[in-house]
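The primary structure of each chain is shown beneath.
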Amino acid sequence: MHGNSASLKADRGLVDPFGRHVTYLRLSVTDRCDFRCVYCMAEDMTFLPKREVLTIEELARLGGAFIRLGVRKIRLTGGEPLVRRGIMTLIDYLARHLDSGELDELTLTTNGSQLARLADDLYAAGVRRINVSMDSLDPDRFRQLTRRGDLAKVIDGIEAALAAGLRVKINAVALKGVNDGEIDQMIAWCGQRGMDLTLIETMPMGQVEGDRFDFFMPLDVLLKEIEKSWTLIPSTHSTGGPARYYEIKETGTRLGLITPLSQNFCDGCNRVRVTCTGTIYMCLGQDDQADLRTPLRASEDDDLLVAAIQEAMTRKPKGHDFAIDRPGSRPATRRHMSVTGG
Ligand code: SAM
Ligand code: SF4
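Quick caveat, the model's predicted, so the values are computed rather than measured.

**Points about the pattern of salt bridges**
Moving on, step 1. The final tally for this structure, using the stated rule, is 16 salt bridges.
Moving on, step 2. A salt bridge links R293 to E52, with the shortest nitrogen-to-oxygen separation between them at 3.8 Å. You can see R293 sitting in helix α10 (residues 293-298) and its partner E52 sitting in the loop between β1 (24-28) and α2 (56-68), a full 241 residues away along the chain.
Moving on, step 3. A relative accessible area of 21% means that R293 is categorised as partly exposed.

Take a look at the structure:
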């Protein structure tokens, strides 16, 4: 399925101009989704024609090349990764690298809508930990936020994942005047199920209908509110991602905060993102990219692909330029979050 060139074996891994080692790949397997979350997508998103999208075999080959270049963790994302046809085949392909010890973790971020059906298969394939995005425990609010999501189905999916033995972390985008009043309830709900909860600041990516300024909730402000009800102890815990964690004394679980706007975390960046068309983005918050699909399709072995990945690494920027500091600010990137999957 992939080339065996000597140059790959000789490689010393992926290091960017700032000396940061890239060991984490976020691979978007589709731009499609069964939800239309208001902060993520426009109501009438146009999705890519199928021919633009990498096949399951191409995605597996791409993942394999990154692994040989030193990537130790792969997160599948989207769009919604679990609506991609053939997703379990891809997971099985990539999971072989877990068996061989070349990969430490294969995980995914999902909206949970397909989990009731797939949780057991994911566990059987070698997935041990997943993130489920769920912004509200109120069915009507959940429906409004996702425009078409069914909360009961997502909760069934989460229960199925826990029953299958998967560790589940809930991710919620904090939205001022929308779900900021129910964070206490979400902490309690997650705590009862032994799940950590990570709150995320909304990021200015792609044009959506509303003005993100109207519902941007700085997490340092929200944290002060949360501390009125919960005892938070700063923790050194890390999942290799950008979240800062607190132990919640009352629940024994953790609260994570992802604060790209109020507290930039780029110094320790260890990741790159590849879209389902094989475009690599070296930073979530910048538009610079490189095409990996052409070198991938140009030859059976991976030499051209590896050269393209290495060239892209020389252009990894120091950090993002996100800002939501005034009404009507333009998005920092033209693309939506669903292109790279967060
Ligand atoms: N569909 C899957 C899901 O929702 O988990 C995976 C892809 S989704 C794009 C990944 C994460 O990005 C979700 O947790 C979602 O809430 C978050 N997200 C989407 N748009 C965002 C934005 N503009 N700012 C912050 N987070 C965003
Ligand atoms: Fe779909 Fe995830 Fe974007 Fe929501 S956040 S529209 S579930 S891709």
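Further notes follow.
**Regarding the sheet that holds strand β7 (residues 232-235)**
Moving on, step 1. Strand order in the open sheet formed by 12 strands is β7-β8-β9-β6-β5-β4-β3-β2-β1-β10-β11-β12, and the pairing between neighbours is mixed. The sheet is open, and its two borders are formed by β7 and β12 (289-291), each paired with just one other strand. Strand after strand, the sheet turns through a mean of 25 degrees between neighbouring axes, direction not considered.
Moving on, step 2. As paired elements, strand β4 (residues 129-133) and strand β5 (residues 167-174) share 5 bridges and run parallel to each other. In the strand pairing of β5, N131 is matched with K169.
Moving on, step 3. Contacts between α2 and the sheet are confined to β1, β2 (73-77), β10 (271-274) and β11 (279-281), with β1 contributing the most and set at about 170 degrees to the helix.

**Things to note about the nonpolar core**
Moving on, step 1. Ranked by size, the top nonpolar core spans 102 residues in total, and within it F66, L76 and M134 carry the most contacts.
Moving on, step 2. Ranked by residues supplied to this core, first place goes to helix α3 (residues 87-99) with 8 residues.
Moving on, step 3. Non-local contacts of M134, meaning those with residues more than four positions away in its chain, are made with F142, L151, V154, I155, I158, I170, N171, A172, M186 and W189.

Scoring rules and cut-offs
Residues numbered from 1 in each chain as written. Chains lettered and ligands numbered in written order. Predicted model: local features only at pLDDT ≥ 70, side-chain atom pairs only at ≥ 80, totals over all residues. Heavy atoms only, no water. Salt bridge = Lys/Arg side-chain N within 4 Å of Asp/Glu carboxyl O. Helix = DSSP H or I, 4+ residues; strand = E, 2+ residues; numbered from the N terminus. Buried < 20%, exposed > 50% of the residue type's maximum accessible area, 1.4 Å probe, protein only. Pairing = 2+ DSSP bridges. Axes fitted to C-alpha atoms, helices over the stretch in contact; angles between N-to-C directions. Contact = heavy atoms within 4.5 Å. Core = buried A, V, L, I, M, F, W, Y, C linked by side-chain atoms within 4.5 Å.

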